[in-house]
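# Structural overview for review
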Amino acid sequence: MQTTDTIVITGAAGFIGSYLTGYLNRLGFEKLILVDDFTDETKVNNLAGKKYTDKIDRDQFFDWYKTYTGSIQYIFHIGARTDTTEMDYSVHKRLNVDYSQAIWKLCTENNIPLLYASSAATYGNGEYGYEDRHDIVSKLHPLNPYGQSKNDFDIWALAQKTTPPFWAGVKFFNVYGPNEYHKERMASVIFHAYHQIKKEGKVKLFRSHNPGYKDGEQKRDFIYVADVVSICTWLMEQHPANGLYNVGTGIARTFKDLVKAIFTTLQLEEQIEFIDTPIDIRDKYQYFTEANMSKLRAAGYTKLFHSLEEGVSEYVSQYIDKGLYY
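A brief look at the structure comes next.

Rules and cut-offs
Every chain is numbered on its own, with residues counted from 1 as its sequence reads. A pLDDT threshold of at least 70 governs which residues receive local features in this predicted model, and a stricter bar of 80 or more applies before side-chain atom pairs are shown or counted, although totals over entire chains, interfaces and linings include all residues. With hydrogens and water stripped out, all remaining heavy atoms of the structure feed into the side-chain values. Put simply, DSSP H or I for four residues or longer makes a helix, DSSP E for two residues or longer makes a strand, and each gets a number counted from the N terminus. All radius of gyration figures rest on C-alpha atoms, and the globule criterion is 2.2 Å times the number of residues raised to 0.38. Should any heavy atoms of two residues lie within 4.5 Å, those residues are considered in contact. Surface accessibility follows the Shrake-Rupley procedure with a 1.4 Å probe radius. Residue values consider only the protein chains on display as shielding. Under the counting rule used here, the positive set is Lys and Arg, the negative set is Asp and Glu, and His together with the chain ends is not counted. Working definition for charges: the position is that of NZ of Lys, CZ of Arg, CG of Asp or CD of Glu. Only rings of Phe, Tyr and Trp enter the pairing, Trp through its six-membered ring, and a pair is recorded when the two centres are within 6.5 Å. The plane angle decides the type: under 30 degrees is stacked, over 60 is edge-to-face, the rest tilted. For each residue, the accessible area found with a 1.4 Å probe, counting protein chains only, is set against the maximum for its type, and the residue is called buried under 20%, exposed over 50%, and partly exposed in between. Note on geometry: a ring has a charge over it if NZ (lysine) or CZ (arginine) is within 6 Å of the ring centre and within 35 degrees of the ring normal. Salt bridges are defined by distance alone: a side-chain nitrogen of Lys or Arg within 4 Å of a carboxyl oxygen of Asp or Glu. Expected helix span is computed as 1.5 Å times (number of residues minus one). Axis geometry follows a simple rule: fit a line to the C-alpha atoms, using only the stretch in contact for helices, then measure angles between N-to-C directions, giving values from 0 to 180 degrees. For classification purposes, an angle smaller than 35 degrees is called roughly parallel, one larger than 145 roughly antiparallel, one from 65 to 115 roughly perpendicular, and anything else oblique. Crossings are assigned a handedness: left-handed for a near helix turned anticlockwise from the far helix by less than a right angle, right-handed for a clockwise turn. Polar here means any residue other than Ala, Val, Leu, Ile, Met, Phe, Trp, Tyr, Cys and Pro, which are nonpolar, and Asp, Glu, Lys and Arg, which are charged; Gly is therefore polar. The set of buried Ala, Val, Leu, Ile, Met, Phe, Trp, Tyr and Cys residues whose side-chain atoms join them within 4.5 Å is what this entry labels a nonpolar core. A pair of strands is treated as paired once DSSP finds two or more bridges between them.

Turning our attention to the overall build of the protein. Across its full length, the protein carries 10 helices and 13 strands. In terms of C-alpha radius of gyration, the protein reaches 19 Å, essentially the compact-globule figure of 20 Å for 326 residues. Along the first, second and third principal axes, the C-alpha atoms of the protein reach 60 × 45 × 40 Å. Sequence separation of at least 24 residues holds for 78% of the intrachain contacts in the protein that already meet a minimum separation of 6. Total accessible area computed for the protein in this model is approximately 14,300 Å², and 47% of it derives from carbon and sulfur atoms. Computed over 36 positive and 41 negative side-chain charges, the inter-centroid distance for the protein is 1 Å.

This next bit is on the packing of aromatic side chains. Per the counting criterion, the structure on display carries 27 aromatic pairs. Aromatic pair Y176 and Y224: ring centres 5.3 Å apart, planes at 35°, arrangement tilted. Of this pair, Y176 sits in strand 7 (residues 174-176) while Y224 sits in strand 10 (residues 222-224), and the two are 48 residues apart along the sequence. Like Y176, the residue Y224 is buried in the burial classification. On the basis of an interplanar angle of 35° and a centroid distance of 5.5 Å, the ring pair of Y213 and Y287 is categorised as tilted. With Y213 in the loop between strand 8 (203-206) and strand 9 (219-220) and Y287 in the loop between helix 8 (279-282) and helix 9 (294-299), this pair connects stretches of sequence that are 74 residues apart. Grouped by ring-pair contacts, the aromatic residues F61, F62, W64, Y65, Y68 and Y99 constitute a single cluster. For the cation-ring pair, R26 lies above Y326, with the distance from its terminal atom to the ring centre recorded as 3.9 Å. For K55, the ring lying beneath its charged end belongs to F38, and the centroid distance is 4.8 Å.

For the structure shown, the criterion picks out 10 salt bridges. The closest approach of N and O atoms between E309 and R253, which form a salt bridge, is 2.6 Å. On the criterion of sequence distance, the pair formed by E309 in helix 10 (residues 308-318) and R253 in strand 12 (residues 253-254) is long-range, its members being 56 residues apart. One continuous salt-bridge network, built from bridges that share partners, spans R253, D257 and E309.

We now examine helix 6 (residues 225-238). Between its terminal C-alpha atoms helix 6 stretches 20 Å, which fits the 20 Å expected from 14 residues at 1.5 Å a residue. Counting buried residues along helix 6, 12 of its 14 residues qualify, which places the element largely inside the surrounding structure. Within helix 6, burial applies to V225, A226, D227, V228, V229, S230, I231, C232, T233, W234, L235 and M236. Where helix 6 terminates, the next one or two residues include H239, which has phi positive at roughly 50°.

Another point: the packing of helix 5 (residues 189-200) against helix 7 (residues 255-265). One can describe the packing of helix 5 onto helix 7 by two numbers: an axis separation of 10 Å at closest approach and a directional angle of 50°. The orientation of helix 5 relative to helix 7 falls into the category oblique. In terms of crossing hand, the pair formed by helix 5 and helix 7 is right-handed. Across from V189, I190, A193, Y194 and I197 in helix 5, the residues of helix 7 making contact are F255, L258, I262 and F263. Taken together, the residues of the contact of helix 5 with helix 7 sort by class into 9 nonpolar, no polar and no charged.

A few words now on helix 7. Every α-helix carries 3.6 residues per turn, so stepping three or four residues along brings you back to the same face. Among all positions in helix 7, only F255, L258, V259, A261, I262 and F263 are buried. Once helix 7 ends, the next one or two residues include Q267, with phi positive near 55°.

With 75 residues, the main nonpolar core has F76 and L235 as its most contacted residues. Residues in contact with F76, not counting those within four places in the same chain, are M1, I7, V8, I9, T10, L20, L24, L115, C232, T233 and M236.

Let us now look at the side chain of S188. Secondary-structure assignment places S188 in the loop between strand 7 and helix 5. What makes S188 buried here is its relative accessible area of 11%.

For the rest of this paragraph, the subject is the sheet that holds strand 2 (residues 32-36). Taken together, the 7 strands give an open sheet; going across it, the order is 3-2-1-4-5-6-11, and neighbouring strands pair in parallel fashion. Of all strands in the sheet, those with a lone pairing partner are strand 3 (54-57) and strand 11 (243-247), marking the two edges. Between one strand axis and the next, the sheet turns through 20° on average, direction left out of account. Of the pairings in the sheet, the one linking strand 2 to strand 3 comprises 4 bridges and is parallel in character. From the neighbouring strand, D36 faces strand 3, where its bridge partner is D57. Contacting strand 1 (7-10), strand 2, strand 4 (74-77) and strand 6 (167-172), helix 1 (residues 15-26) crosses the sheet at an angle of about 155° to strand 1.

The following block contains the structure:
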């Protein structure tokens, strides 16, 4: 990747997309074409101060491309419907499957490398583990329509005979960090816990409804957004083997660990209260996720990840506490 390259980022106004935009700016990339639904005013600050060439509404992108006279070197397709509580599959199919297929075909026909966002939600309850092998993809049982739509596209991508010159589907685990102020219910547990502590001096965590886990000891692979965009950029620069790649830390941590890191950063005594998991997500709740990162490491990615304590400390002290964006 050269700083003179033109790069498309879909979902650019969202959490990871806007962070990626800022990250590329800091590396010297300014010829960015941002694609999203820009009518959501809660996302405006995510792009404040960032440098780019153009902003294109996601529904107009393909028509825009037909008349575009320049050349595009890379596409980061981060945009998606990410609401895990949206139970209407047709909503996810339109944005996460159909739109992604159109992006894929554009990249294939125009010889553009493609990185797209998949999700750890594809792994469901983890019956087949959390290894980014291609042979298990068709066997996976996601727990909600969002995860199903992501897996459906992975299955489709793997079945294609004609592909972009390079492609990677990145399976994001539990990403947290700056620029998620707009996400409301779907924001990270860290974001919600911070505001609970500030308001009430305590944190409410979901009670375990699984006898195999004590309250607060449900485990997730939490990864700081800075590590996520570092991996995505590296994949696009290095072009290892085409396929699916986990994007996590490889170390599952408990929600108690996470909350403790917030209290420690704020120099406050721990106060945790447990509440029932909402009925509408109880049977779709993942009690354990942990990315197997051996594939990415074997491909040559050597950079260390932020520990949960390091990531939470930076996020809370440098961003949320000051109301700042990346």
